[in-house]
Amino acid sequence: MKVLVCGGAGYIGSNMTAMLASQGYNPVVFDNFCKGHRQAVKEFEVVEGDTGDFDLLVKVLKKKKIDAVMHFAGFIEVKESVEKPLEYYRNNVCNTQVLLSAMEKTGVKKFVFSSSAAVYGMPEVVPITEDSPKKPINPYGQTKLTVEDRCHFLSEAGKLNYAALRYFNAAGAGTNCTLGEDHKPESHLIPLVIAAAMGKREDIKIFGTDYPTPDGTCVRDYIHIEDLCSAHLLALEKLEKHSELIYNLGNGKGHSIRQVIETVKKVSGKNFKVTETARREGDPPVLTADASKAIKELGWKTKYPELEKIVETAWKWHNKYPNGYAE
Ligand code: UFG
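Here the structure is a predicted model, which means the values were calculated and not measured.

### Remarks on the pairing of strand β4 (residues 68-71)
Line of reasoning, step 1. Of the two faces of β4, both are covered, the one formed by Ala68 and Met70 as well as the one formed by Val69 and His71.
Line of reasoning, step 2. As paired elements, strand β1 (residues 2-6) and β4 share 4 bridges and run parallel to each other. When the bridges of β4 are listed, Val5 appears paired with Met70.
Line of reasoning, step 3. Examined bridge by bridge, β4 and strand β5 (residues 110-116) share 4 bridges and lie parallel to one another. From the neighbouring strand, His71 faces β5, where its bridge partner is Phe113.

Spelled out as structure tokens, the structure:
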């Protein structure tokens with residue numbers, strides 16, 4: 001099966017590309033390299049292009065005889081989305097619509113979409129099931145939900161078989177710790193704590209210690225990047241016979257910020273300064289997944305359910321690439 005991986009040079013996309021290839025699929029990376037890393041996809045076929053480029057997409061889908069599309073080319077920063085909502089709508093919604101139109105034009109029906117726990121906003125009940133209320137509280141989450149709605153109606157019209165995969169906190173490094181997380185600027189907790197352990201930052205700041213959680217800090221559900229990717233493969237296979245699949249992807253287990261910091265200290269053997277600061281706007285206290293639907297329907301099994309293992313892979317990658325990927 002030939003799979004176009006949009007955003008295939010990014011953190012999740014590059015891990016997905018490597019896994020597709022290792023499992024006998026034929027991936028073609030499609031990336032405009034505004035965030036992606038050439039070094040992460042140097043062994044694979046790459047088309048440089050933008051998901052807003054309808055003509056190019058039609059050409060690639062036809063010429064390369066693409067069977068399915070996986071879409072990771074979204075902007076992912078909640079804070080940035082609040083500051084630049086239109087950019088998020090343009091890239092995450094308008095460009096995805098262009099991509100879906102190109103698929104419709106060329107008759108490519110299978111679509112795996114990278115959605116987010118952000119569609120749930122501030123959940124009233126955790127762990128979160130897929131039928132929990134969808135009430136995004138920022139433009140980022142809203143763009144993901146808007147695309148899900150587009151996909152729903154396209155599938156109703158018989159034009160699309162899609163899987164919307166709602167990620168919790170993707171973490172760790174895949175493919176023997178060779179493909180890791182390198183966002184510029186970095187805003188995610190685990191890479192930032194690791195940077196503190198490596199002496200690249202003066203400290204790690206905890207954003208809020210007065211949450212209604214056991215230790216007062218926010219609780220998240222960290223899921224290893226390879227486990228995340230393996231669910232995509234299972235979903236892709238299932239699209240053969242299903243037109244709409246929606247799954248939460250997480251371990252179902254929460255870890256507080258303090259627990260993440262302690263785990264990094266343990267794995268790295270380093271001590272570093274921890275500074276307690278004010279809350280970051282828009283952070284729900286607890287986000288944990290009820291992923292039993294994916295486990296049951298996809299037969300999904302995670303290989304790295306333990307935070308310590310996840311952090312170990314991230315630690316190894318950051319030590320291999322202390323300055324991130326070469327640009
Ligand atoms: N945090 C800190 N200090 C830091 C960085 C983060 O205390 O320096 C805290 C955050 O406030 C949050 C937790 O660590 O409570 C996790 O933060 P991340 O930024 O790593 O992850 P988020 O849970 O905010 O975001 C993740 C994805 C987003 C997605 C969101 C869905 O990275 O892309 O889940 O809710 F939108």
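### Examining unusual backbone geometry
Line of reasoning, step 1. The omega torsion of the bond from Val126 to Pro127 falls at -10°, within 30 degrees of zero and hence cis.
Line of reasoning, step 2. Relative to the elements of secondary structure, Pro127 occurs in the loop between β5 and α5 (139-156).
Line of reasoning, step 3. Cis peptide bonds are those with omega within 30 degrees of zero, and the linkage from Lys184 to Pro185 qualifies with -5°.
Line of reasoning, step 4. Note on placement: Pro185 falls in the loop between β7 (169-171) and α6 (189-197).
Line of reasoning, step 5. Although it is not a glycine, Lys65 sits at a positive phi angle of roughly 50°.
Line of reasoning, step 6. Note on placement: Lys65 falls in the loop between α2 (54-63) and β4.

### Looking at the nonpolar core
Line of reasoning, step 1. Counting 32 residues, the largest nonpolar core has Leu20 and Leu249 as the members making the most contacts within it.
Line of reasoning, step 2. For this core, the secondary structure elements donating two or more residues are β1, α1 (11-22), β4, β6 (161-167), α7 (225-238), β11 (244-249) and α9 (292-298).
Line of reasoning, step 3. When residues of this core are assigned to their parent elements, the largest contribution, 7 residues, is made by α7.
Line of reasoning, step 4. Mapping this core onto the domain boundaries places at least three of its residues in each of domain 1 (2-171 + 222-249) and domain 2 (189-221 + 252-326).
Line of reasoning, step 5. When neighbours within four sequence positions are excluded, Leu249 is seen to be in contact with Leu165, Arg166, Tyr167, Phe168, Ile223, Leu228, Ala231, His232, Ala294 and Trp300.
Line of reasoning, step 6. Residues Leu56, Val60, Ile66 and Leu154 belong to the second largest nonpolar core, which totals 28 residues.

Calculation rules
Residues numbered from 1 in each chain as written. Predicted model: local features only at pLDDT ≥ 70, side-chain atom pairs only at ≥ 80, totals over all residues. Heavy atoms only, no water. Buried < 20%, exposed > 50% of the residue type's maximum accessible area, 1.4 Å probe, protein only. Helix = DSSP H or I, 4+ residues; strand = E, 2+ residues; numbered from the N terminus. Pairing = 2+ DSSP bridges. Core = buried A, V, L, I, M, F, W, Y, C linked by side-chain atoms within 4.5 Å. Domains from an automatic or database assignment. Contact = heavy atoms within 4.5 Å.

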